[in-house]
Each structure stands twice: as structure tokens, then as C-alpha cells.
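Per-entry structural report
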Amino acid sequence: MAERLIQASRQRRAKAMTAAAGLAGQAAVPLLLCALLAPSGAYVLDDSEGLGREFDGIGAVSGGGPNFGASLHILKVEIGGDGQTTDGTEPSHMHYALDENYFRGYEWWLMKEAKKRNPNITLIGLPWSFPGWLGKGFNWPYVNLQLTAYYIVTWIVGCKHYHDLDIDYIGIWNERAFDVNYIKVLRRMLNHQGLQHVKIIASDNLWEPISASMLLDPELLKVIDVIGAHYPGTLTVKDARLTKKKLWSSEDFSTVNSDMGAGCWGRILNQNYVNGYMTSTIAWNLVASYYQQLPYGHCGLMTAQEPWSGHYVVEAPVWVSAHTTQFTQPGWYYLKTVGHLERGGSYVALTDGLGNLTVIVETMSHKHSQCIRPLLPYFNVSHQFATFDLKGSFSQIPELQVWYTKLGKPSERFLFKQLDSLWLLDSGGSFTLELQEDELFTLTTLTSGRKGSFPPPPKPQRFPSVYEDNFNIDYPFFSEAPNFADQTGVFEYYVNMEDPGDHRFTLRQVLNQRPITWAADAFNTISVIGDYTWSNLTIKCDVYIETPEKGGVFIAGRVNKGGILIRSARGIFFWIFANGTYRVTGDLAGWIIYSLGHADVTAKKWYTLTLTLNGRFSSGKLNGKTLWKNISVNFPENGWAAIGTHSFEFAQFDNFRVEASH
């Protein structure tokens, strides 16, 4: 291996400059082959005493791609459970006990797209919420352990049967309680179905009490393969280490994808291992593809929140990821010689055991690397020289490729830039880096690194001020209509087989009971759409109440909250009920009543609702006739349009249209 490296390196030596050259001109980044200036630290990279822990990969929650951009090793997806899980609901493959459908939602599509880009990508499934029928009347997934395990196993089997996707790891219940007996039942059922290869990760919450539970229960210790903690702040606990299991930061980041977020990501990708022996770090979330005003806007590795325009932004965290992901693979090993730099920052080194070496050095400052959680204790990073000595099997490496990122001022900013390679034969396997604050270096024997280029994305645009959807799609690619963001309940394309007329194809709210919730779902179902800045608008929609007597539906404007805050959403809500009444409320919960009265409405019949908001005044029509008008509304001043139902009940919507003027 070393001879091949030397030969290849000499072929390139004519064009290779000394590392001191760095970037040309003003962007010069001194990389010194030998210690021309007194270094502030010397660090040995050595495998003679054995290796550290096996590296399991870098990933994101809910793709991947070989040496182009983020090149993720892991994709973790939500197992849709019909409940609100931060920015919306994801549909379950089993809304009801005898219902199975493995084409709802977008996670199947996303996993297949990820596999196209990286056939070796690791797939993880984890439930946040569960369909209500599993709880037998309780908001709890562990009422019948066999039933819940069966539900999860059907999802894994469906992945394979319908999409040829092999799930590698399965989780228990995101950031909520675990049940020891459920974990054991799940393992037995997986084995019984021939899914011995599917490993269990637990408990996607804190290090404790799962670690202590494993130490006290030999069977539990045996069936759990990975301990996954969320937002560990780069630290682990003694009990977790004593289990001798793989330790992962199975959800981390959740930070706005600015340079601050990139600094957070760069720091924890190194220090989760240096400080906490974590061999995988998974970012929430993969792509910020949801309305920006929902909770945690812009908290993805990249941003793509305008499906109507196609605009997207490849943010800095993508290129920070590449510093690790493009030059390592799951199955590589960390060296034992990793650690902190004397004047702040950290370094890790990994090898494939075949002679390749990748070193990642980060100097993220406290000011520019704070993650959303937990609180980051103060530390100092300052200008320094760091000398690295390659020992053991790495001592004969002739050349290292160099990739560089500098976060901060636009004039000094570089993202994943390839510098001139380091020639090591004349320096006895030693090199020195000059390090400033907020920098990231990757030094590697691999020559396959690439900063993928792509044509400029379409320009950003506002959501169309006139928008309509008649839902007339015979074979929809996705189960949900574009641009609608379900916040409680699930709204799906529906075909009325018995209706040959105008309402054969509709959008239907399909949940008839409250799910086992993860967040504070509303008591009404609601799906929002449009531009959050909308103020003056007219919303028109055909509606169909399916539940006699107790059923009800609404259309709304200026809806000001969503996601985990949906229960407290304000707006102007126009309701009609199967008992022959209407209401106008200032909130989703229905506490603020502006108007109420009789309306000629019953179930099982189509009606057209129209809501007009203009300045401080609102009015509503039923089948084109004014039902109420000139109701004064002072708050909110703007927000989304919405449709929904009074409770978890079947109802249909058709010919939705909104016309807005900002």
C-alpha cells in the first residue's frame, strides 16, 4: 500500500506545492511542513497500540450521496403515526386496525432516493406518535406489547416487500418512555419474522435510565445493540460506557443552518467522539422543507422550503458534513490518539485498516458554535500551531490531501475548498498546521473528495397569491395534496366511488380517533397552506360533513401558529356543523367566539364556504349567500389559510381556492 501511495504521490509531486503555499493571494492559509515557528502543541497519530471504537457514520433525520455534497452514511426516518411530531403530522401505514398501506407519506420515497445516491446508506426507523387504536383508549403505546411490536414489524416488512428497502436499525419511542418488556417482545418478534439483522437502538432520549436498566437486566443488555441519546452535549455517562455497547448521538444539531449552526455541527462531529466516545451523530433535520414560520425554521443541513418555486439553498452544514463523510465510511475505526488541541479545538483520526488515514481538525470558537441545546460551557480558542506526527503504519504515508473550511466574515469565508496537498516524505511523517478560530481541516490519503457543483437553483418566489386545487388526480404519486401541511389529523386524496359527479376526487380527513400523541396535538384537525404574511384574502372551499349531528368543518385565514404550538393557534375560523349551526371564532380551540347562529346545514351534503378577510373586517358566505359580515377582527394581522374538522372525524374538501393580497 505504502509503495503505491509513494508512486502515485511522486507522479503528482511536480504540480504539488509545499503546504506553506496554501491558498493563493489574500486567502493564504499557511500549512507548514515542518515546525518553522514554535508550535503550541504536538500530537501523535499512531495505531501501534491498537485502534479505538468502530465508526458507524454521520447521518440526518428524515439523503445521502457519494462524494458530491453531504454524502451522508445514515438516513433516519420517522415511522408515521398520525400525530403531530414538531412541524406537522406524518401518516401511519395503519390508520385503523385492519388497514395497511405502504405508500402514504414521503418517507418511502425519501429512503429510495437516498439508496439511489448511496446504495450502502444505513436506514433507521423510529416512531414519534402511534395510531390511536394501539392504545385501546389510552394515550400509551405499551397497553398491548405484542400489538405494538406487530405494528412496528409490519412497517419493516412493508419496507422490504413494497419498496425493497432493508431497515438496519429500529427505535422504541422518540424522546418518551421505554418499556423493558416491550423491547424484549420486539426483539423476539423481529427474530420470529426472520429479521435478525435488524438491530435495536434505545432509547432515543437521555443516557439514563436506559443504561442502568441494561446493566441490571442481562436479557435487556443482550437485545439492545446501540444506546442512542439526544443532544448529549458531547458527553456520555459512566453506565453507558460500562455496557460496552455502541454509543450514538442519535439526534443532535437542531440549530439554524447559519455559520453558527455550521460551527455547532463541526464541533460536535469531532467532540461527540473525543469527549463522549459516540461513534455516530445524526442531525435533526435533513432538509428544512416546511413553512419557515413553523417551529425550528431553517434547522436542516440545507433549506428547500419553496416547492412552488423549486428554490433551495445548500447551506454551510452540508459542507461541514463533507469534511467527515467524504473521507470515512462506516466500518472504519477511530484511532486511540484523538483529543483536544492545547489552545482550543479538537482532532480525530480514522483509518480503514488498509493504510488509509483521515484526520479532521476543528477550531470552532464558543461564540460561533453554540447549538440550540444544551447550554455550552465557556471555552477559549486562539491562534496556534499544531504539529502532527504520523507513527505506526502511517509513518510511511507520502502525501495527504487537504480540504479546508473557514466560517465567519464573508471576505475570509471558504467552504470545503481543496488546498495543495502535503508532501510528507521529506519531513519524517510530520506536518504542522497554523490554526485560527472557526476553521476545519481534513487531511486524508483519499483522493476521491469532491465539492459537487450544481446549476443555480430557481429564484425564490412568494407563494402564489391566487392558488387553487380541485384534487382531481386519479393516481396521485403522494397520498397528500401539495403545499398543504397537516398539523393535526391526516388529509389524503380520496375517490368517491359512488359519486360520479363534481366531487368524485376530493381531499379527505381520514382519522376517526385521536392518535397516541407525541406533542400537544389539537382537539380539532387542521391543515395549513399558503404565505404566512397573507392578511387580506378570500378563501373558498366545498365541504362535506360525514358525521351526522356532531360533525363539523371549517375554513380559516390568518392562522398564526403550527407544529407543536398548534393547539394555541389564533386566526379567523368559519365553522359549520351538522346540527344546523355556524360559528366564527378567533382561535382553533373555539374559546373566542365572534359570532354564532343558525345555518341551513346537515351532514352528507356538499356546501360551499367563503371567508373574506379585509383589514379589520371579515365576512362569510354559505353557498354564495352572506351568512355573516363586518365582524371586527384585530388579531392576528396575518397567517396561513387552513381547512379542518371539529374533531377526529371523516370529512371531505374540494375545489379549494384562495385569493390573497399582501
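Anyway, here's the lowdown on the structure attached to this text.

What counts, and at which threshold
- Residues numbered from 1 in each chain as written.
- Predicted model: local features only at pLDDT ≥ 70, side-chain atom pairs only at ≥ 80, totals over all residues.
- Heavy atoms only, no water.
- Helix = DSSP H or I, 4+ residues; strand = E, 2+ residues; numbered from the N terminus.
- Rg over C-alpha atoms; globule rule 2.2 N^0.38 Å.
- Buried < 20%, exposed > 50% of the residue type's maximum accessible area, 1.4 Å probe, protein only.
- Areas by Shrake-Rupley, 256 points an atom, 1.4 Å probe, with all protein chains shown as cover.
- Lys, Arg positive; Asp, Glu negative; His and termini not counted.
- Charge placed at Lys NZ, Arg CZ, Asp CG, Glu CD.
- 1 Å grid on protein atoms, 1.4 Å probe; cavity = no way out; pocket = protein on both sides within 12 Å on 5 of 7 lines; lining within 4 Å.
- Points joined across faces, edges and corners; volume = space filled by probe spheres on them.
- Nonpolar A, V, L, I, M, F, W, Y, C, P; charged D, E, K, R; others polar.
- Axes fitted to C-alpha atoms, helices over the stretch in contact; angles between N-to-C directions.
- Parallel < 35°, antiparallel > 145°, perpendicular 65-115°, else oblique.
- Left-handed = near helix turned anticlockwise from the far one by under 90°.
- Contact = heavy atoms within 4.5 Å.
- Phe/Tyr/Trp six-rings, centres within 6.5 Å; stacked < 30°, edge-to-face > 60°.
- Lys NZ or Arg CZ within 6 Å of the ring centre and 35° of its normal.
- Pairing = 2+ DSSP bridges.
- Disulfide = S-S within 2.5 Å.
- Polar contact = N/O pair within 3.5 Å; in protein donor to acceptor, adjacent residues only side chain to side chain.

A few words on the overall build of the protein. Of the regular secondary structure elements, the protein holds nine helices and 38 strands. Compactness check: the protein gives a C-alpha radius of gyration of 28 Å against a globular reference of 26 Å for 662 residues, within 12% of the reference. Expressed along its principal axes, the backbone C-alpha trace of the protein runs to roughly 90 × 60 × 45 Å. Residues counted as buried form 59% of the 662 residues belonging to the protein. Summed over its atoms, the accessible surface of the protein is roughly 26400 Å², and 53% of this surface lies on carbon and sulfur atoms. The distance from the centre of the 56 positive side-chain charges to the centre of the 62 negative ones in the protein is 2 Å.

Our next topic: the layout of surface pockets. One water molecule sets the probe size; rolling that probe over the atoms shows where empty space is left. Quantified by volume, the second largest pocket comes out at close to 300 Å³. Looking at the second largest pocket, it is lined by 20 residues, and the ones nearest its centre are Thr234, Arg267, Gln271, Leu376 and Pro377. Among the elements that line the lining of the second largest pocket, the one with the most residues is helix H8 (residues 259-274), at four residues. In the lining of the second largest pocket, the residues fall into nine nonpolar, eight polar and three charged.

Quick look at the packing of helix H3 (residues 145-163) against helix H4 (residues 180-192) now. The interhelical angle for the contact between H3 and H4, taken along N-to-C directions, is 45°, at an axis separation of 9 Å. As the angle between them shows, H3 and H4 are arranged oblique. For the pair H3 and H4, the sense of crossing is right-handed. Within the contact between the two elements, H3 uses Leu145, Gln146, Thr148, Ala149, Tyr150, Ile152, Val153 and Ile156 and H4 uses Asn181, Tyr182, Val185, Leu186, Met189 and Leu190.

In the structure shown here, the tally under the stated rule is 46 aromatic pairs. Chaining the aromatic ring pairs together yields one cluster made of Phe130, Trp133, Trp140, Tyr142, Tyr151, Trp173 and Tyr182. Over the ring of Tyr231 we find Arg373, and its NZ or CZ is 4.4 Å from the ring centre. Above the plane of the ring of Trp319 lies Lys451, whose end atom (NZ or CZ) is 5.1 Å from the centre.

To continue, consider the sheet that holds strand S12 (residues 287-288). Taken in spatial order, the three strands line up as S12-S13-S14 in an open sheet, and their pairing is mixed. The sheet is open, and its two edges are formed by S12 and strand S14 (311-313), each paired on a single side. When strand S13 (residues 302-306) meets S14, the two strands line up antiparallel, connected through two bridges. Within the sheet, the bridge partner assigned to Thr303 lies in S14 and is Val313.

Put simply, the largest cavity is a space of about 90 Å³. Every residue along the wall of the largest cavity is listed here: Glu78, Gly80, Glu90, Pro91, Ser92, His93, Arg104, Gly105, Tyr106, Glu107, Trp108 and Trp155. Looking at the lining of the largest cavity residue by residue, the classes come out as four nonpolar, four polar and four charged. Empty space within the second largest cavity amounts to approximately 50 Å³. Forming the boundary of the second largest cavity are Asp82, His95, Tyr96, Pro131, Gly132, Leu511, Asn512, Gln513, Arg514 and Pro515. Of the residues assigned to the lining of the second largest cavity, the class counts are four nonpolar, four polar and two charged.

Taking strand neighbours across the sheet as the criterion, the seven strands line up as S25-S28-S37-S30-S31-S32-S33 in an open arrangement whose pairing is antiparallel. Either end of the sheet is taken by a strand with one partner, and the two such strands are strand S25 (485-488) and strand S33 (593-598). Direction aside, neighbouring strands of the sheet carry axes that sit 20° apart on average. Sheet analysis places S25 next to strand S28 (residues 525-529), joined by three bridges and oriented antiparallel. Looking across to S28, one finds that Asp486 is bridged to Ser527.

Applying the stated criterion across every chain, the model contains one disulfide. Covalently, Cys264 is tied to Cys371 through a disulfide, its sulfur atoms 2.1 Å apart. Where Cys264 bonds to Cys371 through sulfur, the torsion about that S-S bond is close to 100°, and the disulfide is right-handed. Note that Cys264 is positioned in helix H8 and Cys371 in the loop between strand S18 (357-362) and strand S19 (384-390), a separation of 107 residues in sequence. Assigned by exposure class, Cys264 and Cys371 land together as buried. Cys264 supplies the cysteine sulfur nearest to Cys299, a cysteine that is in no disulfide, at a spacing of 9.8 Å. Overall, Cys299 belongs to the buried group, its relative accessible area being 2%.

Moving on: the side chain of Arg104. Turning to its location among the elements, Arg104 is positioned in the loop between strand S5 (74-79) and helix H2 (107-117). A polar atom in the side chain of Arg104 sits 2.9 Å from the backbone oxygen of Ser92. Filtering out sequence-adjacent residues up to four positions away, Arg104 remains in contact with Pro91, Ser92, His93, Met94, His95, Asp99, Ser479 and Glu492.

Moving on: H2. Three or more residues of H2 are buried, namely Glu107, Trp108, Leu110, Met111, Glu113 and Ala114. Looking at the buried side of H2, the elements it contacts are S5, strand S6 (122-127) and H3.

In this section: the pairing of S6. In terms of burial, S6 is a largely internal element, six of the six residues being buried. Side-chain alternation along S6 places Thr122, Ile124 and Leu126 on one buried face and Leu123, Gly125 and Pro127 on a second face that is also buried. With six bridges joining them, S5 and S6 adopt parallel strand pairing. Considered in S6, the bridge of Ile79 is made with Pro127. For S6 and strand S7 (residues 169-170), the ladder comprises two bridges, and the chain directions are parallel. Across the sheet, Ile124 pairs through a bridge with Tyr169, a residue of S7.

Another point: the pairing of strand S4 (residues 57-61). Extensive coverage of S4 is indicated by the burial of five of its five residues. Where burial is concerned, the two faces of S4 agree: the one with Gly57, Gly59 and Val61 and the one with Ile58 and Ala60 are both buried. Strand direction decides the pairing type here: S4 and strand S11 (residues 280-284), joined by four bridges, are parallel. In the strand pairing of S11, Gly59 is matched with Ile282. For S4 and S5, the ladder comprises three bridges, and the chain directions are parallel.

With that settled, the discussion passes to the packing of H8 against helix H9 (residues 316-325). Between H8 and H9, whose axes approach to 8 Å, the crossing angle comes to 20°. On the basis of the axis angle, H8 is roughly parallel to H9. For the crossing formed where H8 meets H9, the hand is right-handed. Here Asp259, Gly261, Ala262, Trp265, Gly266 and Leu269 of H8 lie close against H9, whose contacting residues are Ala316, Pro317, Val320, Ser321 and Thr324. The residue inventory of the contact of H8 with H9, partitioned by class, reads six nonpolar, four polar and one charged.

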